[in-house]
Amino acid sequence: MLDRETRDAAVALLELCKARQLMLATAESCTGGLLAAVLTDIPGSSAVVDRGFVTYTNEAKQQMIGVPPMTIEKYGAVSRETAEAMAKGALAHAQTDLAVSITGIAGPSGAMPGKPIGLVHFAAASRSGRLIHHDRKFGDIGRSEVRRRSVLQAMAMLTELAEKEEPRSA
């Protein structure tokens, strides 16, 4: 089911988190739970993956992970601010060390001025207070490819945080 690049990235992230005794959560919009599915496709992932929030609508973002309505109204669902609120919200609503969020426009429709198809915002947050954001303009490369590349980007960000996070004491 998984292509080699995606599977290898998932295995590496899970091994790193397992070795450092870190748990993670996901908050996904345009990927619709694909990141959580990729991670949990790997045997033993339950030692690392606590939960995934699929917050496809603005209401879900608000109700499930506490994204402030004003954030979405002011900046839009596809924005740095919303991605950061999603990551922080996932961390607040799960007993995990790390959380990542993905929100974007996978296509083939949904583009608006300043927000083209293929624009995706990512944020990753750690219990120790680190917060990183990236945006990617993948372009109109097809819905499946935008989602696949988004999963890879999110795993890279989780890896970056996991490498810097203090391991839990045994």
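What comes next concerns the included structure. (Residues numbered from 1 in each chain as written. Predicted model: local features only at pLDDT ≥ 70, side-chain atom pairs only at ≥ 80, totals over all residues. Heavy atoms only, no water.)

Comments concerning the layout of surface pockets
The volume enclosed by the largest pocket comes to roughly 230 Å³. Around the largest pocket, the lining comprises 17 residues; the ones closest to its centre are Cys30, Val78, Gly104, Ile105 and Ala106. Residues that form the lining of the largest pocket fall into these classes: seven nonpolar, seven polar and three charged. (1 Å grid on protein atoms, 1.4 Å probe; cavity = no way out; pocket = protein on both sides within 12 Å on 5 of 7 lines; lining within 4 Å. Points joined across faces, edges and corners; volume = space filled by probe spheres on them. Nonpolar A, V, L, I, M, F, W, Y, C, P; charged D, E, K, R; others polar.)

Quick notes on the pairing of strand β4 (residues 119-126)
For β4, the tally of buried residues reaches eight of eight residues, placing the bulk of the element in the interior. Of the two faces of β4, the one holding Leu119, His121, Ala123 and Ala125 and the one holding Val120, Phe122, Ala124 and Ser126 are both buried throughout. With seven bridges connecting them, β4 and strand β5 (residues 131-137) associate as antiparallel partners. Within the sheet, the bridge partner assigned to leucine 119 lies in β5 and is lysine 137. Taken together, β4 and the strand that follows it, β5, pair antiparallel across an intervening segment of four residues, in which glycine 129 is found at a positive phi of about 105 degrees. (Buried < 20%, exposed > 50% of the residue type's maximum accessible area, 1.4 Å probe, protein only. Helix = DSSP H or I, 4+ residues; strand = E, 2+ residues; numbered from the N terminus. Pairing = 2+ DSSP bridges.)

Thoughts on the sheet that holds β5
Strand order in the open sheet formed by five strands is β2-β1-β3-β4-β5, and the pairing between neighbours is mixed. Of all the strands in the sheet, just β2 (49-54) and β5 have a single pairing partner and so form its edges. Ignoring which end each strand starts from, the neighbouring axes of this sheet average 15 degrees apart. Relative to β4, helix α6 (residues 143-164) is tilted by about 25 degrees, and along the sheet it contacts β1 (24-28), β3 (98-104), β4 and β5. (Axes fitted to C-alpha atoms, helices over the stretch in contact; angles between N-to-C directions. Contact = heavy atoms within 4.5 Å.)

With respect to the nonpolar core
One finds Cys17, Leu24, Leu35, Leu39, Leu98 and Met155 to be the most contacted residues of the largest nonpolar core, which totals 31 residues. Put simply, the parts of the chain that give this core at least two residues each are α1 (4-19), α2 (34-40), β3, β4 and α6. Considering each element in turn, this core owes the most residues, nine residues, to α6. Here methionine 155 is in contact with Thr6, Ala9, Ala10, Leu13, Leu35, Val38 and Leu39, once residues within four sequence places are set aside. (Core = buried A, V, L, I, M, F, W, Y, C linked by side-chain atoms within 4.5 Å.)

Points about α1
Owing to its 3.6 residues per turn, the α-helix aligns residues three or four sequence positions apart on the same side. Taking 1.5 Å per residue, 16 residues should reach 22 Å; α1 reaches 22 Å between its end C-alpha atoms and fits that length. For α1, the full list of buried residues reads Thr6, Ala10, Leu13, Leu14 and Cys17. Projected onto a plane normal to the axis of α1, the buried residues spread over an arc of 95 degrees and lie on a single side. Within α1, the exposed residues directed more than 90 degrees away from the buried face are Arg4, Glu15 and Ala19. Lining the buried residues of α1 we find β1, α2, β2, β3 and α6. The positive-phi residue at the C-terminal boundary of α1 is glutamine 21, with phi of around 55 degrees. (Expected span 1.5 Å × (residues − 1). Arc of directions from axis to C-beta.)

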